[in-house]
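# Survey of secondary and tertiary structure
Chain residues, written in single-letter form:
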Amino acid sequence: MNLTKVLVADDHYIVRLGLKILINSFEGYEVVKDVENGQEVLENISLADYLILDLEMPLVDGVEALKIIRKEYPEKKIILLTNCMYIPTLVKAKSLKPHGFLFKDGMHEEIKLCLNELEKGHYYTGKNCLAFFERHKEEISDVENLIQNLNSLTKTEIKIIYQISKNLSTVEIAEILFNSPKTIDNHRTNIAKKLSIGGYNNLQLVAIKYKLLIESLYKSATA
């Protein structure tokens, strides 16, 4: 009998151990590798048919690992696990369309169902995930629009909104970026228009609220 080979990735040993024991008890499945970070995932992709990834891992997180695997190994099936409640991270993960998406709370009851659905060629989103997405559908829609609009910013505008997200004033940003306050104010106006944000202070509030999202965009733009 051919076994479906599974790789489990989570930075918590007890989670990996629990999943390994559970999945090995299922007929037709075998955990061939368990790792603690995303870099190890990328080094061991070829070993497994299914990859169960923690969304928030050291070195390479689940979102980045998913992007790479989807591009270079499209035949692999990927299940994301998370305890994350930060909506921009969940939106980014969801947009990459993992084959399975489970919150860790309750995952042990659903992992077999998820694996079985993937075997049939279906996608599976856990009940807790679906309930969370439904409860926060308005903010999720707002974040999806924000991410789309953030991608329209120039590198200079990204540098400026990154400084805004750190709650710095126009004068402080001008000093850091060696520009005049008037130039920074002009950029702030243009950024607010691109992000469909009305009001000078509202841009500051949005930037601070989604600081982690903006920081990620800034790192990508300046890498």
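Residues numbered from 1 in each chain as written. Predicted model: local features only at pLDDT ≥ 70, side-chain atom pairs only at ≥ 80, totals over all residues. Heavy atoms only, no water.

This brings us to a negative patch on the surface. Together, Asp11, Glu36, Glu56 and Asp61 line one region of the surface with negative charge. Within the fold, Asp61 resides in the loop between β3 (50-54) and α3 (62-72). By relative accessible area, which is 34% here, Asp61 ends up partly exposed. (Patch = residues over 30% accessible without salt bridge, like charges linked within 9 Å, V, L, I, M, F, W, Y side chains within 5 Å. Areas by Shrake-Rupley, 256 points an atom, 1.4 Å probe, with all protein chains shown as cover. Salt bridge = Lys/Arg side-chain N within 4 Å of Asp/Glu carboxyl O. Lys, Arg positive; Asp, Glu negative; His and termini not counted. Charge placed at Lys NZ, Arg CZ, Asp CG, Glu CD. Helix = DSSP H or I, 4+ residues; strand = E, 2+ residues; numbered from the N terminus. Buried < 20%, exposed > 50% of the residue type's maximum accessible area, 1.4 Å probe, protein only.)

Take the environment of His122 next. Turning to its location among the elements, His122 is positioned in the loop between α5 (107-119) and β6 (124-125). Looking at His122, the relative accessible area reads 40%, which means it is partly exposed. Each C-alpha atom of the pair His122 and His99 lies 7.5 Å from the other, and the pair is 23 residues apart in sequence. Ignoring any residue separated from it by four or fewer positions in sequence, one finds His122 in contact with His99 and Glu117. Within polar-contact distance, the side chain of His122 engages the side chain of Glu117 at 2.9 Å. (Contact = heavy atoms within 4.5 Å. Polar contact = N/O pair within 3.5 Å; in protein donor to acceptor, adjacent residues only side chain to side chain.)

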